[in-house]
Amino acid sequence: MSAQDFLAYCLERNVLRFGEFRLKSGRVSPYFFNAGLFDRGSDLVRLGHHYAEAIMASGVEFDLIFGPAYKGIPLAAATAMALHTEHGRDLPWAFNRKEAKDHGEGGALVGAPLAGRVLIVDDVITAGTAIRESVAIIRSAGAEPTAVAIALDREERGQGDRSAIQEVEQELGLQVIRVARLTDLIAMLEADGRDPAHAEALSAYRDRYGIRGG
């Protein structure tokens, strides 16, 4: 499975770690995912491959790729390259600046003009703030956001019964494409059998904080 291949690579690169990690929410998580540790050229090649594979499998229709500053920028570039080289889809891409440039070409956007149906590419959705900001940027340019592609879905609810991803799907009407989910990670650990304590800790965490009804 591609999801488990991706997770195995995350473990190999120490992007995905087990232990006790206190999150901003105050919860103590038995695992931590830090996409910022994908810091080599080979990482971008692998990431682009996995994102492109998940996107193509989803069947989503889109005309342009958008990467939110900052982590989304290299992810969008890697995805655009993989879609071209592996799937024959040569698509425009763009990203935003955190602060608008007041010289040269100016503006807050770099790359292709935002137009048509836009796919947002980012690492994770934690609170949904970055995605909402991206949606506002895209719509203000006259384009329409259609989907979001992320690396890992923690399948974890927020303060209520829904996760930030479910809120994005239901409130913004965007399809969310995941390369991997917490469920995939637990299944991989259980199948491997070498680290039963990690699998048990993740299952217990999911039972306590996991989303309800999907």
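In this text, all values refer to a predicted model and were calculated from it rather than measured experimentally. (Residues numbered from 1 in each chain as written. Predicted model: local features only at pLDDT ≥ 70, side-chain atom pairs only at ≥ 80, totals over all residues. Heavy atoms only, no water.)

Looking now at the nonpolar core. F6, F33, F38 and L185 are the most contacted members of the largest nonpolar core, which totals 41 residues. The contact partners of F38, leaving out residues within four places of it in the chain, are F6, Y9, C10, V15, F33, D43 and L47. In terms of nonpolar packing, the next biggest core, distinct from the first, is built from 19 residues, L64, V148, A164 and L174 among them. (Core = buried A, V, L, I, M, F, W, Y, C linked by side-chain atoms within 4.5 Å. Buried < 20%, exposed > 50% of the residue type's maximum accessible area, 1.4 Å probe, protein only. Contact = heavy atoms within 4.5 Å.)

Let us look at the UniProt feature "binding site: orotate" (unreviewed entry) in the protein chain. Under the UniProt annotation, "binding site: orotate" (unreviewed entry) lies at F32, F33, T126 and R154. For the residues just named, distributed over 123 residues, the greatest C-alpha separation is only 12.6 Å, placing them together at one site. Among the annotated residues just listed, those lining the largest pocket are F32, F33, T126 and R154. Tracing the backbone through its elements, the reader meets T126 in the loop between β6 (117–121) and α4 (129–140). Examined against the element boundaries, R154 turns out to sit in the loop between β7 (144–153) and α5 (164–171). (UniProt positions renumbered as here; feature names shortened; annotations may be inferred. 1 Å grid on protein atoms, 1.4 Å probe; cavity = no way out; pocket = protein on both sides within 12 Å on 5 of 7 lines; lining within 4 Å. Helix = DSSP H or I, 4+ residues; strand = E, 2+ residues; numbered from the N terminus.)

Right, let's talk about the layout of surface pockets for a bit. The calculated volume of the largest pocket comes to roughly 1200 Å³. As for the largest pocket, its lining consists of 40 residues, of which K24, V124, I125, T126 and A127 are closest to the centre. Among the elements that make up the lining of the largest pocket, the one with the highest residue count is α4 (six residues). Broken down by class, the residue content of the lining of the largest pocket amounts to 16 nonpolar, 11 polar and 13 charged. (Points joined across faces, edges and corners; volume = space filled by probe spheres on them. Nonpolar A, V, L, I, M, F, W, Y, C, P; charged D, E, K, R; others polar.)

Turning to the side chain of S134, a few remarks are in order. Structurally, S134 can be placed in helix α4. By relative accessible area, which is 2% here, S134 ends up buried. What S134 contacts, discounting residues up to four positions off in sequence, is F66, P68 and I120.

Taking 1.5 Å of rise per residue, the 12 residues of α4 would be expected to cover 16 Å, and the 17 Å separating its terminal C-alpha atoms lies within 8% of that figure. Those residues of α4 not exposed but buried are I131, S134, V135 and I138. All buried residues of α4 project into a common sector of 105° when viewed along the axis, lining one side. On the buried face of α4, the contacting elements are β3 (64–67), β6, β7 and α5. (Expected span 1.5 Å × (residues − 1). Arc of directions from axis to C-beta.)

Let's shift gears to the packing of aromatic side chains. Within the structure shown, the criterion is met by five aromatic pairs. Through pairs of rings, three or more aromatic residues link up here, namely F6, Y9 and F38. The cationic tip of R46 hangs over the ring face of Y9; the distance from NZ or CZ to the ring centre is 4.0 Å. Positioned over the ring face of F62 is R89, at 4.9 Å from the centre of the ring. (Phe/Tyr/Trp six-rings, centres within 6.5 Å; stacked < 30°, edge-to-face > 60°. Lys NZ or Arg CZ within 6 Å of the ring centre and 35° of its normal.)

This part takes up the environment of G111. Within the secondary structure, G111 is located in strand β5 (residues 107–111). Taking relative accessible area as the criterion, G111 reaches 60% and is therefore assigned exposed. Along the chain, G111 and K71 lie 40 residues apart, while their C-alpha atoms are 16 Å from each other. Ignoring anything within four residues of it in the chain, the contact list for G111 reads W93 and A94.

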